[in-house]
Amino acid sequence: MFSLQTIFGQGKQFYALLDEAADAAYDSTKALHAMLREPGRVHALDAFKLARQRERDASEKISQALVDSFITPIEREDIEALASALYKIPKQVERFADRYALARQRLEGIDFAPRAAMLEKAAAVVVEMVKELPRLRLEPMKQLSDKLRVLENEADRLILELYRDIYSGRLEAAEMFLLKEFFEILEKAIDRCREAGVVAYEIALKNS
């Protein structure tokens, strides 16, 4: 017969796996910021592939643990929702990095670094929220959620500034299309961070 301590101890593995997923997502945004700070340098894409694989491994472990575990520290649907939200962050980042590596020479003069910095900060807040989750304290989680919202709003403002280049009249149609695609990918990556933060905050709200 299992003791309650053993059962609940096993349930805590989900928090550790969610931490792994959040850390992998954050590392992907750090790699992207580093790439965009030095646009003239050719960067290997290994860091993005590794972060994505770590995220994929954590997601698979979470799915398997949900099958194997009798009890979970929070509702299964919430664990699945948060894991899914975290999974989408490095996926979007890798998509940007892959395409940027191919089109880098056609993007000269476009500074994505400040927007990537905001993305990195947003992902760092998501890491904090996931690490705070086991305590299920509403006030600290709300503060982090508010911080994430401010970062998202600032990132939106910066991305709007980039859109001015698209409609400035100095770009060819092909360049306009290319830039618009990159802006939208970067914007979606930031949105993915916000979505993960919303899920984490709602879990705390439900269980506090």
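Since the model is a prediction, treat every value here as computed from it, not as a measurement. (Residues numbered from 1 in each chain as written. Predicted model: local features only at pLDDT ≥ 70, side-chain atom pairs only at ≥ 80, totals over all residues. Heavy atoms only, no water.)

So, about the overall build of the protein. When you go through the protein residue by residue, the secondary structure sums to 7 helices and 0 strands. Sequence-ordered secondary structure for the protein, helices as α and strands as β, is α-α-α-α-α-α-α. The buried share of the protein, taken over its 208 residues, is 46%. Of the contacts made within the protein by residues no fewer than 6 positions apart, 83% connect residues no fewer than 24 positions apart. (Helix = DSSP H or I, 4+ residues; strand = E, 2+ residues; numbered from the N terminus. Buried < 20%, exposed > 50% of the residue type's maximum accessible area, 1.4 Å probe, protein only. Contact = heavy atoms within 4.5 Å.)

The next thing to look at is the packing of helix α4 (residues 76-103) against helix α7 (residues 173-207). α7 packs onto α4 with a crossing angle of 165 degrees between their chain directions and a minimal axis gap of 9 Å. It follows that α4 is roughly antiparallel to α7 by the angle criterion. The element α4 and its partner α7 pack so that their crossing is left-handed. Taken together, the residues of the contact of α4 with α7 sort by class into 19 nonpolar, 2 polar and 9 charged. (Axes fitted to C-alpha atoms, helices over the stretch in contact; angles between N-to-C directions. Parallel < 35°, antiparallel > 145°, perpendicular 65-115°, else oblique. Left-handed = near helix turned anticlockwise from the far one by under 90°. Nonpolar A, V, L, I, M, F, W, Y, C, P; charged D, E, K, R; others polar.)

Next up on the list: the confidence of the model for the protein. Summary statistics for the protein give a mean pLDDT of 86 and a share of 91% for residues scoring 70 or more. Segment residues 1-9 is flagged for pLDDT under 50; beyond a separation of four residues in sequence, or across chains, it makes 3 contacts in the model. (pLDDT = per-residue confidence, 0-100.)

Applying the stated criterion to the full structure yields 18 salt bridges. Here K131 ties to D23 by a salt bridge, and the two come within 3.7 Å at their closest N and O atoms. With K131 in helix α5 (residues 113-132) and D23 in helix α2 (residues 13-37), this pair connects stretches of sequence that are 108 residues apart. Judged by relative accessible area, D23 falls into the partly exposed class, the value being 25%. (Salt bridge = Lys/Arg side-chain N within 4 Å of Asp/Glu carboxyl O.)

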